[in-house]
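Here's the letter readout for the chains.
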Amino acid sequence: MEGGASYVNISELLGRVRQDLPLGEMVHTDSFSLFEAMSAVELGNIKMDAAMSTSCKSVEELIQEGVAPVEGLTPGQILLIMERLLMMEASWHNGAALAQTVFASLYMLRPDRLRDRNPLLHAYCEGVKSTCIAVRWLVMHGAVAEEEDINCWVQGLPMQDMPVPLPDASCLSLLDQATQSAKGLAKGTKGSDADVYKAIAAHLELRRDLHAALLGFGLKSEGGVVGAVAHLTSAQARLQQVMGASPGLQQQQQSSAGSQNGKDASSTASTLSASQGSEPKPKQQQESAFDAPGFVENVNKYLLGPAPPRAAVVMSTEAAYAYLKGMLGHLQQATDVLHVRGYRALVQHIERFSRLRAGVVARSAAHYLIAGKAWGPAMASATALSQATAVEAAAVGGTPNNGTAHSTPADSKHSHEAAAGHKDASSSTNPGQDIPPPPWVLDRPIMSEACALPEAPGAAGA
C-alpha cells in the first residue's frame, strides 16, 4: 500500500456483528461512543472535514518562498510580529483555535530558525509558547471552561507533551537576556528605531511578567500567589507602555481623527485635482499588526480535526489590548482570596468576582485557588521558579513605574510582600512536600457546619 500502510477488510466482521445486534444497539467502547461515531462519518467530506482542504502550502514551502524571513527584519517588523502574536493570543482566549491564531505564525512553528539570527524574536516566541502552555494548564485544572470558551486542542502543534505540569522557568532568563539586548540597542540607536527598540523591550518585559504570574499560581504556596500579584502589577504598567507605542493603536487613532474631517478633505482634494487635471494621491498609511510577515491562517488546517471549516476571527488591535488589560485586572482580583478569612468572606469574594464577568483564564485561576487544587504536593518546577524569581521579585518592589502607572502605598506593600513570599517559597518549597492549605480553603466539616443552619433573620452579623 501507499506509504507502507496495510489495510484489513473488516466488512465480513461488521456483517456478523450486525446480525447479533438488536435494533437500537451499537458497537461502542469507553473511547468510541456515539459522538465519535457521528464524527467519524464526517471524515473525508471536504465540506465538513477541515483537514481535507489542500489549498495551503506546507510550512517548508512557505519558508522557502520567503513568507517568514529571518534575516533582514527591521525593528518595526519585529514589533509588528509581537503585536500580532498578542492579538492572536487574545483571540485564542476567546474561542479561536490555537492552530489558526498563535500557531498560524511560521515563526512560532519554527522558532529554532530564530535562535542565532534573531534572538529578540526567538525569545519572544518561546515566551509566547510557554505562556500558552501555562494558560492551557490553568484552564484544564481550573475546570470551569466549556469547549465554546477556549479551544485547548494542541494535537500536532509544537507544544510540550501533555499532560504536563506548568512549564519550567527556563524561558524567563531567555526573556531577561533579550530585554537587556533590546535596551542596549535602544541606547545605541538614534532616530525612530530607538523608540521601536524601547517598545520591543516593553513587549518582552510584559511577556515575562505575564508568564511569571501564571507560574506563580502553580507554586502551591501562599507566597507564590503573593508573587503573582507583584508580577500582575508590573504587567499592567508594562501593558500601558506597549499600548503607548502600538503601531496598530496609533493607526486607529489617526484614522479616527482623520474621519472627523474626511468629507471636507475629500471635497477639497477633488476640487484641487479637477482644477489641476490630476487625481489626488492617497496618503501613505502606517503599517498595522495585520501587515506583520510570517502569518498564514490555513497553514495548520490539517490539524483542526473533524470539524466544519471555519475562518478564525482575529480580534482587532484595540479589542485585543482591551481584553488583555481586563484579564490582568481580573487575575489580580482573583488573588484577593489572600484576604479571605472564613466562610462568609469567601462567599462575598465569589460574589464580587462573579459580577466582573471575567474571561475564561481569570475564571479558571479564581476557581483553581478557591477549590483547594492549588495547595498540596509542590510541583517539581516550583523550586526552579522560586530560585529564578526570588531576586527579581524584590526588584519589582523597588522598580519605579517610569510614569506609566501611578504607584500607591498598597502597590508598594504588595511588592514587598511578594519579595518576602518568594523568598519564603524558595527556601521551603520542595518537590513532593505537603504544604498546608491557606485559611480560605475550608475543610469539609467546617464548610458543612457553616452551611447547615443559617442564622435567623435579625441575628447579629446577618
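Residues numbered from 1 in each chain as written. Predicted model: local features only at pLDDT ≥ 70, side-chain atom pairs only at ≥ 80, totals over all residues. Heavy atoms only, no water.

Colleague: When you look at the overall build of the protein in this model, what are you seeing that I'm missing?
Modeller: Looking only at helices and strands, the protein features 17 helices and zero strands. A burial count over the protein gives 43% of its 462 residues as buried. Of the roughly 24900 Å² of accessible surface on the protein, 54% is carried by carbon and sulfur atoms. (Helix = DSSP H or I, 4+ residues; strand = E, 2+ residues; numbered from the N terminus. Buried < 20%, exposed > 50% of the residue type's maximum accessible area, 1.4 Å probe, protein only. Areas by Shrake-Rupley, 256 points an atom, 1.4 Å probe, with all protein chains shown as cover.)

Colleague: Teacher, can you tell me more about the packing of helix α4 (residues 75–93) against helix α8 (residues 192–217) here?
Modeller: Angle between the axes and distance between the axes: these two values describe a pair of packed helices. The contact between α4 and α8 brings their axes to 9 Å, and the two run at 30°. On the basis of their axis angle, the class for α4 and α8 is roughly parallel. Seen from above, α4 lies across α8 with left-handed handedness. Of α8, the residues touching α4 (which contributes Pro75, Gly76, Ile78, Leu79, Met82, Glu83, Leu86 and Glu89) are Asp193, Val196, Tyr197, Ala199, Ile200, His203, Leu204, Leu206 and Arg207. When grouped by side-chain class, the residues that make up the contact of α4 with α8 number eleven nonpolar, two polar and four charged. (Axes fitted to C-alpha atoms, helices over the stretch in contact; angles between N-to-C directions. Parallel < 35°, antiparallel > 145°, perpendicular 65-115°, else oblique. Left-handed = near helix turned anticlockwise from the far one by under 90°. Contact = heavy atoms within 4.5 Å. Nonpolar A, V, L, I, M, F, W, Y, C, P; charged D, E, K, R; others polar.)

Colleague: Which parts of the structure should I look at to understand the pattern of salt bridges?
Modeller: Charged atoms that come close allow side chains of opposite charge to pair. Evaluation of the coordinates by the stated rule reveals eleven salt bridges. Here Glu89 makes a salt bridge to Arg207, at a shortest N to O gap of 2.7 Å. Taken as a pair, Glu89 in helix α4 and Arg207 in helix α8 lie far apart in primary sequence, 118 residues in all. You'll find Glu89 and Arg207 in the same group, each marked buried. Beyond isolated ion pairs, a larger network of salt bridges with shared partners links Lys183, Glu205, Asp209 and Arg238. (Salt bridge = Lys/Arg side-chain N within 4 Å of Asp/Glu carboxyl O.)

Colleague: What should I look at first to understand the packing of aromatic side chains in this one?
Modeller: We describe a pair of aromatic rings using the distance from one ring centre to the other and the angle between the two ring planes. The final tally for this structure, using the stated rule, is one aromatic pair. Relative to Tyr368, the ring of Trp137 has its centre 5.5 Å away and its plane inclined at 70°; by these criteria the two rings are edge-to-face. Placement of Trp137 in helix α6 (residues 119–142) and of Tyr368 in helix α14 (residues 360–370) is noted, with a sequence separation of 231 residues between them. Side by side, Trp137 and Tyr368 carry an identical accessibility label, which is buried. (Phe/Tyr/Trp six-rings, centres within 6.5 Å; stacked < 30°, edge-to-face > 60°.)

Colleague: Please clarify how the side chain of Glu83 should be interpreted in this entry.
Modeller: Within the secondary structure, Glu83 is located in helix α4. The side chain of Glu83 is buried and forms no salt bridge, while Arg84, the nearest opposite charge, is found at 9.1 Å. In this structure the side chain of Glu83 is engaged in a polar contact, spanning 2.9 Å, whose partner is the side chain of Tyr321. Those residues in contact with Glu83, other than ones at most four positions away along the chain, are His203, Ser246, Pro247, Gly248, Ala289, Thr317 and Tyr321. (Lys, Arg positive; Asp, Glu negative; His and termini not counted. Polar contact = N/O pair within 3.5 Å; in protein donor to acceptor, adjacent residues only side chain to side chain.)

Colleague: What is the right way to read α6 from this model?
Modeller: The α-helix advances 3.6 residues per turn, and as a result positions three or four apart in sequence lie on the same side. For α6, spanning 24 residues, the distance from its first C-alpha to its last is 34 Å, which sits close to the expected 34 Å at 1.5 Å a residue. Judged by how many residues are buried, α6 sits mostly within the fold: 20 of 24 residues are covered. Once α6 ends, the next one or two residues include Ala143, with phi positive near 60°. (Expected span 1.5 Å × (residues − 1).)

Colleague: Got a minute to help me understand unusual backbone geometry in this structure?
Modeller: Glycine aside, the phi torsion of most residues is negative, and most peptide linkages are trans. Look at Ala143: it is not a glycine, yet its phi comes out positive at around 60°. Tracing the backbone through its elements, the reader meets Ala143 in the loop between α6 and α7 (170–187). Located in the positive-phi region is Arg357, a residue other than glycine, with phi close to 50°. By the element assignment, Arg357 lies in the loop between α13 (343–354) and α14. Take Arg357: its relative accessible area is 75%, and that puts it in the exposed class.

Colleague: Can you help me understand the confidence of the model for the protein in this one?
Modeller: Low-confidence regions, as indicated by low pLDDT, have predicted coordinates that should not be scrutinised in detail. Overall, the prediction assigns the protein a mean pLDDT of 75, with 65% of residues at 70 or greater. Note that pLDDT drops below 50 for residues 377–434; the model gives that stretch 85 contacts with residues more than four away or on any other chain. The low-confidence segment residues 450–457 (pLDDT under 50) makes six contacts with residues lying over four places distant or belonging to another chain. (pLDDT = per-residue confidence, 0-100.)

Colleague: In this structure, what is going on with the packing of α7 against α8? I would like to understand it.
Modeller: Two numbers describe how α7 lies on α8: the axes approach to 8 Å, and their chain directions differ by 165°. Judged on the interaxial angle alone, α8 and α7 are roughly antiparallel. Of the two elements, α7 crosses α8, and the hand of that crossing is left-handed. In this structure, α7 uses Cys171, Leu172, Leu175, Asp176, Ala178, Thr179, Ala182, Lys183, Leu185 and Ala186 to contact α8, whose residues at the interface are Ala194, Tyr197, Lys198, Ile200, Ala201, Leu204, Glu205, Arg207, Arg208, His211, Ala212 and Leu215. Taken together, the residues that form the contact of α7 with α8 break down as 14 nonpolar, two polar and six charged.

Colleague: Explain the nonpolar core to me, please; I cannot follow it from the model alone.
Modeller: Generally speaking, a soluble globular protein has its nonpolar side chains buried in company with each other. Grouped together as the largest cluster of nonpolar side chains are 100 residues, with contacts concentrated most on Leu98, Ile200 and Leu204. With 13 residues, the single largest contributor to this core is α6. With residues near it in sequence (within four places) discarded, Leu98 still touches Trp92, Phe103, Ala104, Cys132, Trp153, Val154, Leu157 and Met159. (Core = buried A, V, L, I, M, F, W, Y, C linked by side-chain atoms within 4.5 Å.)

Colleague: So what exactly am I meant to see when it comes to the environment of Gly95 here?
Modeller: When you line up the elements, Gly95 lands in the loop between α4 and α5 (106–109). Since its relative accessible area comes to 29%, Gly95 is described here as partly exposed. Residues Gly95 and Cys152 lie 57 residues apart in sequence; the distance between their C-alpha atoms is 9.3 Å. Discounting residues that sit within four places of it in the chain, Gly95 has contacts with Glu148, Asp149, Ile150 and Asn151.

Colleague: Even after reading the chapter, I still don't get a nonpolar patch on the surface, so can you show me in this structure?
Modeller: Taken together, Val8, Ile10, Leu13 and Leu14 make up a surface patch of nonpolar side chains, about 400 Å² in accessible area. Positionally, Leu13 belongs in helix α1 (residues 11–20). The exposure class of Leu13 is partly exposed, given its relative accessible area of 45%. (Patch = residues over 30% accessible without salt bridge, like charges linked within 9 Å, V, L, I, M, F, W, Y side chains within 5 Å.)

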